[in-house]
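Here's the letter readout for the chains.
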There are 4 protein chains.
Amino acid sequence: MKFKQIIEENESRHGRNFDLFIQFTIVLSLVSFAAATLPDITPETRELLKIIELISIFIFTAEYVARIYVADKKLRFIFSFYGLIDLFAILPFYLATTVDLRAIRILRLMRLFRAFKLLRYSRAIQRLHSALKIAREELLLFSVVAGMAIFFAAVGIYYFENEAQPEEFASVFHSLWWAVATLTTVGYGDVYPITAGGKVFTFFVLMVGLGIVSVPTGLIASALSSARELERRQPGSQNEQNAACQLNETPD
Amino acid sequence: MKFKQIIEENESRHGRNFDLFIQFTIVLSLVSFAAATLPDITPETRELLKIIELISIFIFTAEYVARIYVADKKLRFIFSFYGLIDLFAILPFYLATTVDLRAIRILRLMRLFRAFKLLRYSRAIQRLHSALKIAREELLLFSVVAGMAIFFAAVGIYYFENEAQPEEFASVFHSLWWAVATLTTVGYGDVYPITAGGKVFTFFVLMVGLGIVSVPTGLIASALSSARELERRQPGSQNEQNAACQLNETPD
Amino acid sequence: MKFKQIIEENESRHGRNFDLFIQFTIVLSLVSFAAATLPDITPETRELLKIIELISIFIFTAEYVARIYVADKKLRFIFSFYGLIDLFAILPFYLATTVDLRAIRILRLMRLFRAFKLLRYSRAIQRLHSALKIAREELLLFSVVAGMAIFFAAVGIYYFENEAQPEEFASVFHSLWWAVATLTTVGYGDVYPITAGGKVFTFFVLMVGLGIVSVPTGLIASALSSARELERRQPGSQNEQNAACQLNETPD
Amino acid sequence: MKFKQIIEENESRHGRNFDLFIQFTIVLSLVSFAAATLPDITPETRELLKIIELISIFIFTAEYVARIYVADKKLRFIFSFYGLIDLFAILPFYLATTVDLRAIRILRLMRLFRAFKLLRYSRAIQRLHSALKIAREELLLFSVVAGMAIFFAAVGIYYFENEAQPEEFASVFHSLWWAVATLTTVGYGDVYPITAGGKVFTFFVLMVGLGIVSVPTGLIASALSSARELERRQPGSQNEQNAACQLNETPD
């Protein structure tokens, strides 16, 4: 019974330590994944990375087995979101020894699924979920409108700049790269308009486009505030008493 | 009667399928528009694009005729916003066979009107409309103030950089290009101040200007939240019960 | 009496036309100011610009005299904000004929004061004013904190990059240019870290700094919403009935 | 008694002057710190900077001694946040005369602690503190998710661009530099994708990533509004009567 609490809850000291240990292993495993791509890697480091990989696979496998063992409804856990993530985090390793070599690269990429294990420990993920539900329609609308804005910007700049820069603005598809880099304000500087018409067009595209492309971010932020409000109202979430924003409670 | 429901509503399964089919045709037609601008296009691909264009024209024409047929007030539909969009989406094709060749390029651009047909399917467009109405005055004010900020920035940098970079900052108009790219934080890197005075001036321009130029985005996002609130209050919009933000309802 | 209404109010048709006429003259005068800086300007254009300047000076002078004439308290208008702006908009022209030539350049810049005349026509400027009052303290705090963040970023990058790029990061002052361009996300690309330490430092600077430097914008936007709320509550501002956000009214 | 008020409070005129004097000394001392890094500095200027440093050390030491002297609980002040900052602001100077030369560079950097002394004078820092408490969970969540987004972007671009640009995208760590510069929209332009696959991948990364990476800023801004609301409700904070947003008070 206590074993189950350590693994599934994080209210006891042992439970928190277990969670921290798993999180540390996830991060270590992701860092070693990235380190393995370094070009000038010594054989000793490569050996060390392999050992780290073996140890983390062992830990994740033990965690997966333990989670199945303590689950009340075992099949339900196995096919739940986090159950599948836990499985995908270790599966590539076991498959890599049986399948032929060509599939290994994709299997290695599947190790990245481990990152999603980090989300389990965040209670706020539920809040994000309800925030996305609140702003669902606007987000969809602004995705469509933002897509249209980027497409129109690409078509427009293509007509202005195609003649002056036939390489950089070779087609509407090539111009899309400029439109994305500009409307997200990244502005690498590898392509930019040089004609007067193209510059004036860019001016208007930016004036209108920025308001469109960056609105979704504001929507998510304001929906998150609404979701926090909503959650605070429901009974059982009283651990935010002192800091919570009491926007709508009558002060009497 | 059922035919009318399929075309005008999207609550039945057939209605939703009809909408999805039209949306798919719109996107396909826009992609083929963009593909036609590719420089190294084979005759076979060009043939394929022509066929796609013919098919989508046929579908849009059939849709337009059907919408007129099912409309209760036919003239009203024809001169409504979406009725005109539907017409402009097919008109260029029929005109291109009758008018002389020079006008064809502009007619081809008119095919982009099809993108606006996508908006029909979004119920949230109404909400955007009322959000713009809520924040109308501030948006107008900040457009004027943002225009002033960009103009002042261009005049200032012209006086600082004109001597050091007579090519890039040749006049206030040339400097406007820098002002737009900087205050929207795109920063291509094709023009930037090199004098100490110009850099210090840029520092102050950014400190003040960013707050001005990027406020409209925040205004739209917060007005959208207000519009969602407003809509939720009105009777008949109860399909958001579980996720809606209940900011102002007394919890008793 | 009717003359006074035309000039001071914009509710009648004549009043609105008068306002539009003045606004058009302001914009024309600013465009001709910018056009005068163009390098390859023909004598005919220069002549035209001079005539435009003379006409706008005449219009602004007539407007200024008329505003004094219709004002109930003439001295109070002359020393009010808009009264002084109106004076500064025409003063440089009259001074330029009396003072020596060296001061003319600065006098020409003073013509830019005309842009502020545009603000008179915006009723929303009052709302911006109360929004700035609402968020005054946070804006001040975040200006100090943002200044500190930029200074710390400059000192840090100086220590990381000074040896590798002694030209670009010659001193903390030189590094400030990089810090401003980076934390405002402009990123011209004229200076950027090349050492591993400098890049890792930039990563942390961006993670922390963005949250600091771009908060003021969010503050202004949310304060503007609050100001709109506040205004709507006060009696006499009922022209926003249909669109206003009714966040806090009980729906019964 | 009056001496204590001047130092610890800023309600009297002398108290405000004392605060302004200390703030001026802090800024002067930081500017002279930055000036000392200038490459072509004359011996006279260096002498001047030394004198400024000596004077500010003298002022800060006097301030520190005075604050201890007037504190009711002296030990508590010494080990308080501001007490330690005050100590660290002067300690490096006194240590530099006793320790060996190698540690001096780090000691010099410690002079930057003086900047934190500026925070003492901001009453709004308390509000920021409670804002961070309100949005604590979302900020933590979005830090984790933003970290994951940057990591995934780096891994993805590594696989797309590694072959085409083996120098710039040499490993996942090298690609992280691109991911940070892109997702924060800085976009220096020193590294960017050149393959079609990399550009399409960047498009999707930006569409999803921007919403994730820039949400925390929106969260801080909206939490600050909530914190202002909260503070205004509590008795004793009535100095914001005229401008405060009365969002939740019934107007009757």
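Residues numbered from 1 in each chain as written. Chains lettered and ligands numbered in written order. Predicted model: local features only at pLDDT ≥ 70, side-chain atom pairs only at ≥ 80, totals over all residues. Heavy atoms only, no water.

Caption draft 1: Region of interest: the packing of helix H9 (residues 136-161) of chain A against helix H10 (residues 172-183) of chain A. Residue and element names in this part refer to chain A. At a minimum axis separation of 8 Å, H9 and H10 run at an interaxial angle of 120°. Taken together, H9 and H10 sit at an angle that is classed as oblique. Read as a crossing pair, H9 and H10 show a hand that is right-handed. Taking contact as the criterion, the partners of Ala149, Ile150, Phe151, Ala153, Ala154, Val155, Ile157 and Tyr158 in H9 are, on H10, Val172, Ser175, Leu176, Trp178, Ala179, Val180 and Leu183. Residue composition of the contact of H9 with H10, by class: 14 nonpolar, one polar and no charged. (Axes fitted to C-alpha atoms, helices over the stretch in contact; angles between N-to-C directions. Helix = DSSP H or I, 4+ residues; strand = E, 2+ residues; numbered from the N terminus. Parallel < 35°, antiparallel > 145°, perpendicular 65-115°, else oblique. Left-handed = near helix turned anticlockwise from the far one by under 90°. Contact = heavy atoms within 4.5 Å. Nonpolar A, V, L, I, M, F, W, Y, C, P; charged D, E, K, R; others polar.)

Caption draft 2: Structural detail: the pattern of salt bridges. Considering all chains together, one arrives at 24 salt bridges over all chains under this definition. With a closest N to O distance of 3.0 Å, Glu63 of chain A and Arg67 of chain A form a salt bridge. Of the two residues, Glu63 of chain A and Arg67 of chain A are both situated in helix H3 (residues 43-70); the distance of four residues between them amounts to about one turn of the helix. Overall, the relative accessible area of 3% leaves Glu63 of chain A in the buried class. According to the relative accessible area criterion, Arg67 of chain A is buried, its value standing at 6%. Lys4 of chain B is the partner of Asp72 of chain B in a salt bridge, and the nearest nitrogen-oxygen pair spans 3.5 Å. (Salt bridge = Lys/Arg side-chain N within 4 Å of Asp/Glu carboxyl O. Buried < 20%, exposed > 50% of the residue type's maximum accessible area, 1.4 Å probe, protein only.)

Caption draft 3: Looking closely at unusual backbone geometry. All names here are of chain A. The phi dihedral of Thr185 is positive, around 65°, even though this residue is not glycine. On the secondary structure map, Thr185 appears in the loop between H10 and helix H11 (196-213). The exposure class assigned to Thr185 is buried, which follows from its relative accessible area of 10%.

Caption draft 4: Inspection of the interface of chain C and chain D at higher detail. Each partner contributes to the interface: chain C provides 47 residues, whereas chain D provides 46 residues. Here chain C packs against chain D, burying approximately 4200 Å² in sum over the two surfaces, 70% of which is carbon and sulfur. When the area that chain C buries against chain D is broken down by residue, the three leading residues are Glu137, Leu141 and Tyr159 of chain C, summing to 15%. Applying the counting criterion to the chain C and chain D interface returns zero salt bridges. In this structure, the connection of chain C to chain D is made through four residue pairs in polar contact (both at pLDDT 80 or more). Top element by residues in the side of chain C that touches chain D is helix H9 (residues 136-161) of chain C. It accounts for 11 residues. Taken together, the residues that form the side of chain C that touches chain D break down as 28 nonpolar, 13 polar and six charged. (Buried area = accessible area lost by both parts, 1.4 Å probe. Polar contact = N/O pair within 3.5 Å; in protein donor to acceptor, adjacent residues only side chain to side chain.)

Caption draft 5: Structural context of the interface of chain C and chain B. Counting residues at the interface gives 47 residues for chain C and 48 residues for chain B. At the surface where chain C touches chain B, the tally comes to zero salt bridges. Across the contact surface, chain C and chain B share four residue pairs in polar contact (both at pLDDT 80 or more). Only helix H2 (13-35), helix H6 (104-110), helix H7 (114-117), helix H8 (125-134), helix H10 (172-183) and helix H12 (215-233) of chain C provide two or more residues apiece to the side of chain C that touches chain B. For the side of chain C that touches chain B, the leading source of residues is H12 of chain C, giving six residues. Split into classes, the residues belonging to the side of chain C that touches chain B amount to 29 nonpolar, 10 polar and eight charged.

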